[in-house]
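Spelled out from the first residue to the last, the chains are:
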Amino acid sequence: MKNLRKLFLLTILTIFVLSLTGCGDTKVELNNYITIDVGGYDSRGIATYSFDYDSFEKDYEGKIKVDPDCQYPDLGQLMGKSSPELLLLVCVSQSLDKTSGLSNGDTITLKWDCKDGWASQYYNCDLVYSDIRYTVYGLQEED
């Protein structure tokens, strides 16, 4: 009976601790926030991309936090940045492999360059992403 009581208390304590700390890393789906746009004329098209920072901030506020053991845990506050903004600033970058001289049918790729180790170590999150291939279409023919 005494062992059963200890086991019960240990189980309750474990559940309580896990509820406070959470289990595992937050998965951050970066591709969900990218939009690629192409405009202009065939053979002279221009590609741009945008990252939806507002939606990202809304989706991850309170889920991404700077690790208190980080050498600079208050850096975000000093810079006026939230933890999700700081994660993007420090750990995430992306670029298009080609942005001009595009024709209908061309394929362009948005390539990520992320610091996965830093994201995991300092923000307790896993960055989930893959390069995005986009086929150019809808460019007008020149008259």
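Quick caveat: nothing in here was measured; it's all calculated off a predicted structure.

What counts as what
Residues numbered from 1 in each chain as written. Predicted model: local features only at pLDDT ≥ 70, side-chain atom pairs only at ≥ 80, totals over all residues. Heavy atoms only, no water. Pairing = 2+ DSSP bridges. Helix = DSSP H or I, 4+ residues; strand = E, 2+ residues; numbered from the N terminus. Axes fitted to C-alpha atoms, helices over the stretch in contact; angles between N-to-C directions. Buried < 20%, exposed > 50% of the residue type's maximum accessible area, 1.4 Å probe, protein only. 1 Å grid on protein atoms, 1.4 Å probe; cavity = no way out; pocket = protein on both sides within 12 Å on 5 of 7 lines; lining within 4 Å. Points joined across faces, edges and corners; volume = space filled by probe spheres on them. Nonpolar A, V, L, I, M, F, W, Y, C, P; charged D, E, K, R; others polar.

### Focus on the sheet that holds strand S6 (residues 107-114)
So, step 1. Reading across the sheet, the 3 strands line up as S4-S6-S8 and stay open at both edges, with antiparallel pairing between neighbours. Two strands bound the open sheet, and with one partner strand each, they are strand S4 (92-96) and strand S8 (132-135). For this sheet the average axis-to-axis angle between neighbouring strands, irrespective of direction, equals 20 degrees.
So, step 2. Where S6 meets S8, 4 bridges bridge the pair, whose relative direction is antiparallel.

### Focus: unusual backbone geometry
With the exception of glycine, most residues fall at negative phi, and the peptide bonds are largely trans.
So, step 1. Of note, the phi angle at Ser43 is positive, near 80 degrees, even though the residue is not glycine.
So, step 2. Relative accessible area serves as the criterion here: at 42%, Ser43 is assigned to the partly exposed category.
So, step 3. Although it is not a glycine, Asn124 sits at a positive phi angle of roughly 50 degrees.
So, step 4. Structurally, Asn124 is set in the loop between helix H5 (116-123) and strand S7 (125-128).

### Here we look at the layout of surface pockets
So, step 1. What the second largest pocket holds in volume is close to 160 Å³.
So, step 2. Around the second largest pocket, the lining residues are Phe51, Tyr53, Lys81, Glu85, Leu88, Leu89, Val92, Ser93 and Gln94.
So, step 3. Among the secondary structure elements, those contributing two or more residues to the lining of the second largest pocket are helix H4 (83-91) and S4.
So, step 4. The class makeup of the residues in the lining of the second largest pocket is 5 nonpolar, 2 polar and 2 charged.

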